[in-house]
Amino acid sequence: MKVKNESQIEFMDKEQLTNKILNNLVGENVDQARCDSLQPTDPDYMMYSPIPVGYNTTAEQRFLIQNLLVGFAGGSLLDIGCGRCDLYDVARELAALNGDLIAYSAIDHNPIMTQLGEVKWGLSNINVGAFETAKLNMHEWVVASGVFTQRRCATEDEDLRKLFDDIDTLYNLSTQVVSFNLLNSINTHHHEGFFYTHPGLVMDMLIEKYQFVNIRCNYSKDVYTVLIYKLQ
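Residues numbered from 1 in each chain as written. Predicted model: local features only at pLDDT ≥ 70, side-chain atom pairs only at ≥ 80, totals over all residues. Heavy atoms only, no water.

Peer 1: So what exactly am I meant to see when it comes to the overall build of the protein here?
Peer 2: Counting its secondary structure elements, the protein contains eight helices and eight strands. Among the 232 residues that make up the protein, the fraction classed as buried is 48%. Within the protein, contacts between residues at least 6 apart in sequence are counted, and of these 67% link residues at least 24 apart. Counting only carbon and sulfur atoms, one obtains 51% of the accessible surface of the protein, whose full area is about 12000 Å². (Helix = DSSP H or I, 4+ residues; strand = E, 2+ residues; numbered from the N terminus. Buried < 20%, exposed > 50% of the residue type's maximum accessible area, 1.4 Å probe, protein only. Contact = heavy atoms within 4.5 Å. Areas by Shrake-Rupley, 256 points an atom, 1.4 Å probe, with all protein chains shown as cover.)

Listed below in structure tokens is the structure:
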């Protein structure tokens, strides 16, 4: 596959990547244990601990990311709400395992987190700002992890309209797949300030507009994953 910005693409040994992913799946990765044990007073806490980015363990974070990237085999990817760009690492591994490359771009409103991502992964193409108003190029995959968890409007109806407006923005930036996650309103305890949606309602509305939709409630009671496909 021909990709742009080849100077920003990194290569890793395929056998090394395979072993790394397998180690992650069986929970034997020593680096993960070190990251999970970091304390707020440790100098590497913000860079490597899963806690600052909303996860209890690194394995939990990687599983959620892998869920968002089911079917990704390389090419261009836009990471919306990238944080410190940990999604890049998993996407890079998946691309390499399929003998392909990744052209990664990202955006987040928090300059502290984007700076961490640039340092952590050696990236230089991270945008700071709001994806709704930023001028972003189209990519094959557009992924938004944890972007839609917070209440952003005065009423739930307004939140729902805002959600579907934002999904449409992501859809128009993608040439192949849009992937994101949402908080599940079924059988969960609702916390003030967070935005919960019914996966059945969301799926009906998305299928009506976009047709090719997959929803996975395989992560936890609280979170589900949505993938929208743009089939030619």
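Peer 1: For this particular structure, what's the right way to read the packing of aromatic side chains?
Peer 2: Centre-to-centre distance and the angle between the planes together describe a pair of aromatic rings. The final tally for this structure, using the stated rule, is five aromatic pairs. Between Phe148 and Phe180, the aromatic rings sit 5.8 Å apart at their centres with planes inclined by 85 degrees, giving edge-to-face as the arrangement. In this pair, Phe148 is assigned in the loop between strand E4 (139-144) and helix H7 (156-173) and Phe180 in strand E5 (residues 174-184), connecting sequence segments 32 residues apart. By relative accessible area, Phe180 is classed as buried at 0%. Taking 4.3 Å as the distance between ring centres and 35 degrees as the angle between the ring planes, the aromatic pair formed by Tyr171 and Tyr210 counts as tilted. (Phe/Tyr/Trp six-rings, centres within 6.5 Å; stacked < 30°, edge-to-face > 60°.)

Peer 1: Which parts of the structure should I look at to understand the packing of helix H4 (residues 58-68) against helix H5 (residues 86-97)?
Peer 2: Angle between the axes and distance between the axes: these two values describe a pair of packed helices. In the contact formed by H4 and H5, the axes pass within 10 Å of each other and the chain directions differ by 60 degrees. Taken together, the axes of H4 and H5 lie oblique to each other. In this structure, the crossing between H4 and H5 has a hand that is right-handed. Of H5, the residues touching H4 (which contributes Gln61, Arg62, Ile65 and Gln66) are Asp86, Leu87, Asp89, Val90 and Glu93. (Axes fitted to C-alpha atoms, helices over the stretch in contact; angles between N-to-C directions. Parallel < 35°, antiparallel > 145°, perpendicular 65-115°, else oblique. Left-handed = near helix turned anticlockwise from the far one by under 90°.)

Peer 1: What exactly am I supposed to notice about the state of the cysteines here?
Peer 2: Linking two cysteines covalently through their sulfur atoms gives a disulfide. The final tally for this structure, using the stated rule, is zero disulfides. We note that Cys85 lacks a disulfide partner, and the nearest cysteine sulfur, in Cys82, lies 3.9 Å from it. (Disulfide = S-S within 2.5 Å.)

Peer 1: Whenever I open this one, H7 confuses me. Can you help?
Peer 2: Counted at 1.5 Å a residue, the expected span for H7 with its 18 residues is 26 Å, and the 26 Å between its end C-alpha atoms agrees. Among the residues making up H7, those that are buried are Asp159, Leu160, Leu163, Phe164, Asp166, Ile167, Leu170, Tyr171 and Leu173. Those residues of H7 hidden inside the fold are in contact with strand E1 (75-80), E4, E5, strand E6 (196-197), helix H8 (199-210) and strand E8 (223-229). (Expected span 1.5 Å × (residues − 1).)

Peer 1: What's the story with the environment of Ala96 in this structure? I'm lost.
Peer 2: Looking at where Ala96 falls in the secondary structure, it is placed in helix H5. Residues Ala96 and Gly74 lie 22 residues apart in sequence; the distance between their C-alpha atoms is 7.5 Å.

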